Number of protein chains: 2
Amino acid sequence: MTTITDIANALGITPSTVSRALAGNPRVKEETRVAVEKMAKLLGYERNVVASNLRKGQSHIVGIVIPRIHREFFSNVIGGAERILNQAGYNVLICQTMESVEAEIKALKTLKNYRVAGVLLSHAIDALNGNHVKEILEDTPLVQFDRVFPDLPGAKIVGANCEGAFQATMHLIQAGYKRIGTIAGFMTSQAYIERLAGYRLALESAGLPFDPAIVYENAIVRETGYEAGLKAIDAGCDALYSAGAFSALGATDALKEKGLRIPEDFGVVATSNEGFTSLMSPALSTLNQHPFEMGETAARAFLEGSRETQVIPMELIVRQSSKKQQ
Amino acid sequence: MTTITDIANALGITPSTVSRALAGNPRVKEETRVAVEKMAKLLGYERNVVASNLRKGQSHIVGIVIPRIHREFFSNVIGGAERILNQAGYNVLICQTMESVEAEIKALKTLKNYRVAGVLLSHAIDALNGNHVKEILEDTPLVQFDRVFPDLPGAKIVGANCEGAFQATMHLIQAGYKRIGTIAGFMTSQAYIERLAGYRLALESAGLPFDPAIVYENAIVRETGYEAGLKAIDAGCDALYSAGAFSALGATDALKEKGLRIPEDFGVVATSNEGFTSLMSPALSTLNQHPFEMGETAARAFLEGSRETQVIPMELIVRQSSKKQQ
DNA sequence: TAAAAAAATCCAAACGTTTGCACATTTTCG
DNA sequence: CGAAAATGTGCAAACGTTTGGATTTTTTTA
């Protein structure tokens, strides 16, 4: 492979001048800059980024650490982040933690060893605080998204969980449902706490009672959603706001099994506009979290060196599952 | 950050010995090796992989180039590949081409500049041949998967397209459907050509006529699948084998709209066991391509330096959409 | 036209690791 | 006991780029 020394030799100048010429340094004469660029093209020169990174002490790589890549939400976040970062000349190194803090620690160390320019992180669910992150990353720029450690400084990009849940619940109320339960997720996670708060706020602002008996916690996958659905039927609910789409899917399984018609007898709205929700019958009303935009926003926060918390609004998508004919 | 020189100074030895000790070189005394490792731990040493990569002329990064990360199939392939590669001490740099050859060229150049240890590639749909790949990558190890250039040497991991389509079509025949059409995808891609061949083979081996009038090419997304569905109804079909899941979804839209019952009046089977297919009603029978395994296999092929073509079998998953009550 | 200022280039070290070869020390063996 | 072999370390160069400061060349100014 050709190096800057090859170019320098071919032109009878030194590698330092070639380096500066290629970097657009104003200290080199226009004439020689053109000559260098021409020769570089002629010899098919491509900068050795490894050498460049070593000398400069940092790479043009941004690490993205996420629980799992298969999840539609995260792969969309990555897509958004990558778009912005590529435009800015960065590349993306992706690490999956599989929801394990150990793997998260390993991933962060790896990224640190690569001297990445920054890290975009959505932490594993079993992480209690961000001490390990701070300790490993030290002064490497960090942007957290979706799942964030409140105790860690720096940029945080989160969804409008409370507002979204409020909107979804309010929509059910306005559609005429009377006893609205919620599948609430895990209370160890900030995002789910906020969603529950939004649900409660909507009920109270409409003058409806908040009943802890119809709050179904710790349900997040299809199976536990199914069980929550059965309980909601028994408890006399006629609607559910679910903090997750997969648990809502499980709940509709239960509703169908018990012969309840959606949306006539029972209304359902869920957070997370996963692709399958529009394909269910009846199609599920959801809150779109705009994962692609979340990724873009996180990437921009890194590029701009922002340290702010930014909130990505959620958008209610009304489909059949909540259209009660009054 | 601590370097091997720091360790060397602390122990009164030279960096070269430290380097050898950490690399497990048998030429260093067991005693000093232990001392070095102890000191390394004490000082919190982490190898600077950038410097290491520069010296060794290659990194422990494997590049994965794919059309789009959001597609369930590809994100699962990545998941599988990453699992194997991480185990072997490699990291993964992911590049999306967005189906554009230009972006593919850029991605390959970037990876080459990072001196990646190898590349896993599934090419953009508008690429006609692999000349650009060969030209850029030169002697960097390459493993192609799913979408492969036949003219390029080296390892290729593909699905059992022909066999899968054969199996799916045969299943429809055995279920009692009489006039089976196909949504065939793009004939510029080897995978779709093979699927069509498998479909045809099944018909002929069952003594059924192959009728080009009920082969619907160039349909791959929901919209074009819908149109193909309408045409199939007009052509008197009572079943469809679709080479893609999204086009099958569109076809079922058309069938429902025209009041046909699935599976009683019309059977559907599709390649690609996308997550949504099990959630449709009726649930769609599909061929599971085992994307996670495909990723694992591709990664292993790289690690082993294989140059073979490996075929990942497809598995027929029979759901409601093809269960005719005869 | 000489001195000063500005512009362009060069020199050499540095980034942290790896590695061929040389050197020193110890062990083996006739 | 001395030579040869084996063992363990050290030296120094190399990977390709970047960059502070020195040096040379050109331009400006008195």
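How each quantity is defined
Residues numbered from 1 in each chain as written. Chains lettered and ligands numbered in written order. Predicted model: local features only at pLDDT ≥ 70, side-chain atom pairs only at ≥ 80, totals over all residues. Heavy atoms only, no water. Domains from an automatic or database assignment. Near = heavy atom within 4 Å. Polar contact = N/O pair within 3.5 Å; in protein donor to acceptor, adjacent residues only side chain to side chain. Helix = DSSP H or I, 4+ residues; strand = E, 2+ residues; numbered from the N terminus. Expected span 1.5 Å × (residues − 1). Buried < 20%, exposed > 50% of the residue type's maximum accessible area, 1.4 Å probe, protein only. Arc of directions from axis to C-beta. Contact = heavy atoms within 4.5 Å. Phe/Tyr/Trp six-rings, centres within 6.5 Å; stacked < 30°, edge-to-face > 60°. Axes fitted to C-alpha atoms, helices over the stretch in contact; angles between N-to-C directions. Parallel < 35°, antiparallel > 145°, perpendicular 65-115°, else oblique. Nonpolar A, V, L, I, M, F, W, Y, C, P; charged D, E, K, R; others polar. Pairing = 2+ DSSP bridges. Salt bridge = Lys/Arg side-chain N within 4 Å of Asp/Glu carboxyl O. Buried area = accessible area lost by both parts, 1.4 Å probe.

Right, let's get into the domain arrangement of chain A. Often the size quoted for an interface is simply the accessible area lost on bringing the parts together. Domain assignment breaks chain A into domain 1 (4–47), domain 2 (57–158 + 292–312) and domain 3 (161–289 + 316–322). With centres defined by C-alpha atoms, the gap from domain 1 of chain A to domain 2 of chain A works out at 36 Å.

A word on the protein's contact with DNA strand D. In the region of DNA strand D, 26 residues are neighbours, and Arg27(A), Tyr45(A), Arg55(A), Arg20(B) and Arg27(B) sit closest. At the protein interface, 57% of the atoms of DNA strand D within 4 Å belong to sugar or phosphate. One of the backbone N or O atoms of Ile4(A) is found 2.7 Å from a phosphate oxygen in DNA strand D. In the environment of DNA strand D, a phosphate oxygen lies 3.0 Å from a nitrogen or oxygen atom belonging to the side chain of Thr17(B).

What follows deals with helix α9 (residues 190–205) of chain A. Residue and element names in this part refer to chain A. The end-to-end C-alpha separation of α9 is 22 Å, in line with the 22 Å expected for 16 residues at 1.5 Å each. Of all the positions in α9, only Ala 191, Tyr 192, Arg 195, Leu 196, Gly 198, Tyr 199, Ala 202 and Leu 203 are classed as buried. End-on view of α9: buried residues confined to an arc of 155°, all on one side of the axis. Elements that come into contact with the buried residues of α9 comprise α8 (161–174), β6 (180–185), β7 (215–217), β8 (239–242) and β9 (267–271).

If you walk through the whole model with that rule in mind, you get eight aromatic pairs over all chains. Between Tyr199(A) and Phe210(A) the ring centres are 6.1 Å apart and the planes differ by 70°, which places this aromatic pair in the edge-to-face class. With Tyr199(A) in helix α9 and Phe210(A) in the loop between α9 and β7, this residue pair connects regions lying eleven residues apart in the sequence. For the pair Phe246(B) and Phe276(B), a centre-to-centre distance of 4.9 Å together with 50° between the ring planes defines the contact as tilted. Taken as a pair, Phe246(B) in helix α11 (residues 245–257) and Phe276(B) in the loop between β9 (267–271) and β10 (285–288) lie far apart in primary sequence, 30 residues in all.

Right, let's get into the protein's contact with DNA strand C. Around DNA strand C sit 25 residues, and of these Arg20(A), Arg27(A), Thr32(A), Tyr45(B) and Arg55(B) come closest. Close to the protein, within 4 Å, the atoms of DNA strand C are drawn from sugar and phosphate at a rate of 59%. With respect to DNA strand C, the side chain of Arg55(A) contributes an N or O atom lying 3.1 Å from a base nitrogen. Secondary-structure elements contributing two or more residues to the surface near DNA strand C are α2 (15–23) and α4 (49–56) of chain A together with α2 (15–22) and α4 (49–56) of chain B. At four residues, the largest contribution of residues to the surface near DNA strand C is made by α4(B).

Bringing the packing of helix α1 (residues 4–11) of chain A against α2(A) into the picture now. Residues and elements named next belong to chain A. The contact between α1 and α2 brings their axes to 8 Å, and the two run at 110°. Here α2 runs roughly perpendicular to α1, going by the angle between their axes. Facing α1, whose interface residues are Ile 4, Thr 5, Ile 7 and Ala 8, α2 presents Pro 15, Val 18, Ser 19 and Leu 22. Across the contact of α1 with α2, the residue classes tally to six nonpolar, two polar and no charged.

Our next topic: the sheet that holds strand β8 (residues 239–242) of chain B. Working definition: the strands of a sheet are paired by backbone hydrogen bonds and lie parallel or antiparallel to each other. All names here are of chain B. The strand order across the open sheet formed by six strands is β7-β6-β8-β9-β10-β12, and the pairing between neighbours is mixed. Each edge of the open sheet carries a strand with a single partner, namely β7 (215–217) and β12 (315–317). Averaged over neighbouring strand pairs, the angle between their axes works out to 15° when direction is ignored. Where strand β6 (residues 180–185) meets β8, four bridges bridge the pair, whose relative direction is parallel. Paired with Thr 182 across the bridge in β8 is Tyr 241. Across the sheet, helix α9 (residues 190–205) lies against β6, β7, β8 and β9, angled at about 165° from β6, the strand it touches most.

Turning our eyes to something else, we now look at the pattern of salt bridges. Pairing between side chains of opposite charge can happen when the charged atoms of each approach one another. Under the defined criterion, the tally for this structure stands at 21 salt bridges over all chains. For Glu296(A), the salt bridge identified is with Arg83(A), shortest N-O distance 2.8 Å. Highlighted residues: Glu296(A) in helix α12 (residues 291–304) and Arg83(A) in helix α5 (residues 72–87), separated in sequence by 213 residues. Its relative accessible area of 38% is what places Arg83(A) among the partly exposed residues. The salt bridge partner of Arg222(B) is Asp253(B), with a shortest N-O separation of 2.8 Å. Placement of the pair is Arg222(B) in helix α10 (residues 222–234) and Asp253(B) in helix α11, with a sequence separation of 31 residues. With relative accessibility at 30%, the residue Arg222(B) sits in the partly exposed group.

Taken together, the 38 residues of chain B in the interface contact 38 residues of chain A. Here chain B packs against chain A, burying approximately 3800 Å² in sum over the two surfaces, 58% of which is carbon and sulfur. When residues of chain B are sorted by the area they lose upon contact with chain A, Val50(B), Tyr114(B) and Leu279(B) head the list and together hold 18% of the total. At the boundary of chain B and chain A, one finds one salt bridge. When the shortest N-O distance is used, the salt bridge between Glu46(A) and Lys109(B) registers 4.0 Å. Applying the counting rule to chain B against chain A returns five residue pairs in polar contact (both at pLDDT 80 or more). Of all the secondary-structure elements, those providing two or more residues to the side of chain B that touches chain A are α4, α5 (72–87), β2 (91–96) and α6 (101–113) of chain B. Grouping the constituent residues of the side of chain B that touches chain A by class yields 18 nonpolar, 13 polar and seven charged.

On to α4(B). Three or four residues apart is the spacing at which side chains of an α-helix point the same way, because the helix has 3.6 residues per turn. For α4(B), every residue scored as buried is listed here: Val49(B), Val50(B), Ser52(B) and Asn53(B). Along α4(B), the residues classed as buried sweep out an arc of 165° about the axis, all on the same side. For α4(B), the secondary structure elements touched by its buried residues are α4 and α6 (101–113) of chain A. Looking at the residues trailing α4(B), positive phi occurs at Gly57(B), about 75°.

Below, the discussion takes up unusual backbone geometry. Cis geometry is adopted by the peptide bond preceding Pro263(A), which originates at Ile262(A) and carries an omega value of 10°. Turning to its location among the elements, Pro263(A) is positioned in the loop between α11 (245–257) and β9. Residue Pro282(B) is reached from Ser281(B) by a cis peptide bond, and omega for that bond is 0°. Inspection of the secondary structure puts Pro282(B) in the loop between β9 and β10. In this structure, His290(A) is a non-glycine residue whose phi angle is positive, near 55°. By secondary structure assignment, the location of His290(A) is in the loop between β10 (285–288) and α12. Backbone geometry at Asp146(B) places phi at a positive 60°, although glycine is not the residue there. The topology assignment puts Asp146(B) in the loop between β4 (142–145) and β5 (155–159). Asp146(B) gets classed as buried once you look at its relative accessible area, which sits at 15%.

What follows is about the environment of Tyr45(A). All names here are of chain A. With respect to the helices, strands and loops of the structure, Tyr 45 is situated in the loop between α3 (30–43) and α4. Between the C-alpha atom of Tyr 45 and that of Thr 3, which follows or precedes it by 42 residues, the distance is 6.6 Å. Setting aside residues no more than four positions away along its own chain, Tyr 45 makes contact with Thr 2, Thr 3, Ile 4, Ile 7, Leu 22 and Ala 40.

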